[in-house]
Amino acid sequence: MSTMPFEEPFNAPMDEATAQMPIAADRQSHRWSLPTRIGFRFAFCYLATYCFFNGNATIFEAFPVVGDKLQYWLALAFLDPAQWIAQHLFHVAPPGNAMHPTGSGDTAINYIALLILLTLSAVATVVWSLLDRKRPHYQTLSAWLRFLIRLTLGFGMVVYGMLKVFPLQMHQPTIMVLSEPFGMHSPMALLWNFIGMNPVYETICGSAELLGGLLLLFRRTALFGAMLTAFVVTNVLLYNLCFDVPVKLYAAHLLLLALFVTLPDMRQLFRFFWLHQPAAPTGVWVPPARRAWFRRTTIGIEIGFALLAVGGMLYEAVSDWHEGHPKDAIVTPLRGAWRLDAATVLDAGGKPVPHPVRSKDGNTFAELDIESAERAAFRDDANKLSYFTTKTNPGQHTVEFERDDKSKIVFVAVTPDPMHLTLTPTGAEARTASVMSFTRVSPIGGYPLLTRGFHWISEYPYQR
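The present account deals with the structure reproduced in this document.

The rules behind each value
Residues numbered from 1 in each chain as written. Predicted model: local features only at pLDDT ≥ 70, side-chain atom pairs only at ≥ 80, totals over all residues. Heavy atoms only, no water. Helix = DSSP H or I, 4+ residues; strand = E, 2+ residues; numbered from the N terminus. Expected span 1.5 Å × (residues − 1). Buried < 20%, exposed > 50% of the residue type's maximum accessible area, 1.4 Å probe, protein only. Contact = heavy atoms within 4.5 Å. Polar contact = N/O pair within 3.5 Å; in protein donor to acceptor, adjacent residues only side chain to side chain. Axes fitted to C-alpha atoms, helices over the stretch in contact; angles between N-to-C directions. Parallel < 35°, antiparallel > 145°, perpendicular 65-115°, else oblique. Nonpolar A, V, L, I, M, F, W, Y, C, P; charged D, E, K, R; others polar. Pairing = 2+ DSSP bridges.

We now examine helix H7 (residues 199-216). Taking 1.5 Å of rise per residue, 18 residues should cover 26 Å, and H7 covers 26 Å from first to last C-alpha, within 8% of that figure. For H7, every residue scored as buried is listed here: Glu202, Gly206, Glu209, Leu210, Gly212, Gly213, Leu215 and Leu216. Where the residues of H7 are buried, they touch helix H4 (139-165), helix H6 (187-196), helix H8 (222-242) and helix H9 (248-262). At the N-terminal boundary of H7, the capping side chain belongs to asparagine 198, with an oxygen 3.0 Å from the backbone nitrogen of valine 200.

Right, let's talk about the packing of helix H1 (residues 34-53) against helix H2 (residues 66-88) for a bit. The description of two packed helices rests on the angle between their axes and on the distance between the axes. In the contact formed by H1 and H2, the axes pass within 8 Å of each other and the chain directions differ by 120°. Taken together, the axis directions place H1 and H2 in an arrangement best described as oblique. Only Leu74, Ala75, Ala77 and Phe78 of H2 make contact with H1, whose side of the interface consists of Thr49, Phe52 and Phe53. In terms of residue class, the contact of H1 with H2 is made up of six nonpolar, one polar and no charged.

Along strand E4 (residues 375-380), five of the six residues are buried, which leaves the element largely enclosed by surrounding structure. Two strands pair when backbone bridges link them, and strand E3 (residues 365-372) and E4 are joined in this way by six bridges, in the antiparallel orientation. Counted as the bridge partner of phenylalanine 365 is aspartate 380 from E4. Counting the residues that bridge the hairpin from E4 to strand E5 (residues 385-393) gives four residues, and of these asparagine 383 lies at a positive phi of roughly 65°.

Attention now goes to the environment of arginine 379. Its place among the elements puts arginine 379 in strand E4. Separated by 39 residues in the primary sequence, arginine 379 and leucine 340 have C-alpha atoms spaced 9.7 Å apart. In this structure, arginine 379 is in contact with Met176, Ser179, Glu180, Phe365, Ala366, Glu367, Asp369, Lys384 and Leu385, ignoring residues within four places of it in sequence. Engagement of the side chain of arginine 379 in a polar contact is seen with the side chain of serine 179, the distance being 3.2 Å.

Function-wise, these values are silent; they only describe arrangement.
Right, here's the structure in full:
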């Protein structure tokens, strides 16, 4: 009797006892169609390899120290050949022709590595099909693949979710962002600031991702977890596609893995949700076993893996949260965006003359954005930012600016009123550095984007 791909016979819903019994043996009359068998062989080669070698969230990452290194070296098995092909066959221009530090998962080398994986999977499928023509089905191997994908996908969603439950992936907009002209934002920056603007929204999004991942790790809840994950990741993939976020390949594979997990029960879901008929899932969630110890082992793996995944990510999230939100952070009244009105130095006669302040690129600074007592940036007339580490001494009314090259300048900061600021250099730089006068351009009470808050009652829409 023909069945849907990778599922038990349609008329054989599984109860608690049956779910742990061995599935149909090859000698039985149950048989998959030829396209189904070929499709499974390709799916196994492609998806199983991806789960181990993708370099993002794999099951190895759940294990401290050893897991990260192993994941890195496994990823190089495809990235190193991809780099060679990029340089010698496709002649990709720099920087895409070499691996480099990047937050992107959609580099030219990533696409070439995916092409290698597709090619190898296709070749392996042909060889497998020639050597194993007579096997009627792959029910047992399908269960093992589904088990592997559940752990891999579940961990990936736990990682995704924990970075948002603790709002670490998207931060609240900084002064630098808030003072940027709206039209100058990239689509990705607009999306990041939209989600990060309200930490509660980001936490709720992360909770949905985390819940889907946790449900996937356990057999009884895996189907619901896969459906929830497919829904959530579809939205993530749409974000990546529509706002040019360079994680399209990984998000697409997360969706592919979620759909594969639901595939054995697709017919039952159709019966239940569309035909409104009684239906029971028929997919095998754990590899088949004849002995009780194997069942206990698989349950132990699920529980242990969930604890490792959540515990490890919780530790990292809390550490990153405290690092990004130090308790001793100094709040400065200088916080805001300041337009540079004048920059002068004293000539030989003691008369102030214009002396523009320039960036390393030779552009003239036009604005000072002070985020906190530890961070500031100058914006030049080409709308580029030059970041500085700052140290504020409220008692002496001084601010120290330090560049990436460790060069420092100390200024005396004077604010005759909340709208104006003057920075006067001190020490050895007093004769050569410019005295800068600023006018505040940011609202004293804060930007409405962050201060508007929530209102149950609104007589008129607050849209400006």
